[in-house]
Amino acid sequence: MSNQELNPMQQQVVDVLGKPAGWVPLPLTVVTAVRDQLETALAPLAAKLSPDQPLYVSKGSLNTVHGCEAHFMASLDSFEWTISNVRGTVMHKAVELAINWRGHIEPADLVEEALTRLEDEQSRGPSEFIAQLSSGERAQLRSYAVDLYTKFEESFPPLKASWRPVTESSARVELFGGLIFLSTRVDLTLGGPGSKVIIDLKSGRIYSNHREDLRFYALVESLRSGQPPRRLATYSLESARADVEEVSEGVLQSAVRRVIDGANAIYELTRESREPQLNAGAQCRWCPLKNNCETGKQFLERGFEDD
Ligand code: SF4
């Protein structure tokens, strides 16, 4: 498809994610500096860890611990698949299949294929959850996922193989010989190392902390590949709007500071039994403590906007 045939939403994606003429990558010395900064600041924490009990830092744990420590502690080991949180995974699988599909396919058929494949996958994932759904629940999930996939298909230009699209790509960085791990799973990446665009797809609205998630992805990609990505984008399928940030040394340093603070907080809370602090925010809406936490209840009663 030529650019002339793109609809306005697709054209906007091309405009905000395309590589501008004359774009120059960050010098690789930036990655060395960022790694030094991270390892120097985390060395005292690493000294308290052992290889049989390393510390794992993910986007989810960072987000939760920086959002509200009490929420973080209450959410440990409490993850459950639901129709609402699995629909994004089904949509990502449908996108992955669509990238490599030959010939025309209807979104409903693609989503059904995605559901079948996820159900058959043996790795950690929603396989069991999908397998035990009733016919009605499966139909509801299919309907949500078709809606998301259709929005994706309408808003994104057809992904060419030459853009090197990859969905649900996981990456891991091992620090101090396996004492601290940083891990990510990115919804969609375009481009190769050194000029990668990292995209987080959201079914709903864009929140301020989504930028922090992407900065963490950028840090992990930089440390893993030795080359910083080019651009970061949170894309709301609901509003067909992208929040885009160029990767700079400042962006990576901001992620470094957040990882340092987050890793120390996770250690203190989970290994040293430090009292968690309360911090009300958007996270109160899905916090398991929201019915008993006065701080959270008052915050939710007041109402808030964070878009
Ligand atoms: S309801 Fe809000 S303030 Fe209370 S623990 Fe949960 S996230 Fe924290």
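Rules and cut-offs
- Once a new chain begins, its residue numbering starts again from 1 and follows that chain's sequence as written.
- For a predicted model such as this one, the threshold for reporting local features is a pLDDT of at least 70, and the threshold for listing and counting side-chain atom pairs is 80 or more; totals across whole chains, interfaces and linings nevertheless cover every residue.
- Throughout the structure description, domain borders are defined by an automatic or database domain assignment.
- Contact criterion: two residues are in contact if their C-beta atoms, reconstructed from the backbone, are within 7 Å.
- Per the convention used, a helix needs a DSSP run of H or I reaching at least four residues, while a strand needs a run of E reaching at least two, with both numbered from the N terminus.
- Three classes are used: nonpolar for Ala, Val, Leu, Ile, Met, Phe, Trp, Tyr, Cys and Pro, charged for Asp, Glu, Lys and Arg, and polar for all others, with Gly counted as polar.
- Neighbour density around each residue's C-beta defines its exposure: 20 or more other C-beta atoms within 10 Å make it buried, 12 or fewer make it exposed, and counts between make it partly exposed, where C-beta atoms are placed from the backbone.
- At least two DSSP bridges between two strands are required for those strands to pair.

## Section: the domain arrangement of the protein
Reasoning step 1: You can read the domains of the protein as domain 1 (24-78 + 162-271) and domain 2 (83-159).
Reasoning step 2: In this structure, domain 1 and domain 2 have C-alpha centres spaced 26 Å apart.
Reasoning step 3: At the junction of the two partners, domain 1 supplies 10 residues and domain 2 supplies 11 residues.
Reasoning step 4: The set of elements that each furnish at least two residues to the side of domain 1 that touches domain 2 consists of strand S2 (166-175) and strand S3 (180-190).
Reasoning step 5: Class assignment of the residues belonging to the side of domain 1 that touches domain 2 gives a composition of six nonpolar, two polar and two charged.

## As for the pairing of S3
Reasoning step 1: By the criterion of burial, S3 is predominantly enclosed, with eight of the 11 residues buried.
Reasoning step 2: Across four bridges, the pairing between strand S1 (residues 55-58) and S3 is parallel. Within the sheet, the bridge partner assigned to Val57 lies in S3 and is Leu182.
Reasoning step 3: Alignment of S2 against S3, held across nine bridges, turns out to be antiparallel. Paired with Glu174 across the bridge in S3 is Phe181.
Reasoning step 4: Between S2 and S3, which pair antiparallel and follow one another directly, the connecting turn spans four residues, one of which, Phe176, has a positive phi of 50°.
Reasoning step 5: Looking at chain direction, S3 and strand S4 (residues 197-202) are connected through three bridges and run antiparallel. Along S4, the bridge assignment pairs Leu188 with Ile199.
Reasoning step 6: Between S3 and S4, which pair antiparallel and follow one another directly, the connecting turn spans six residues, one of which, Gly191, has a positive phi of 90°.

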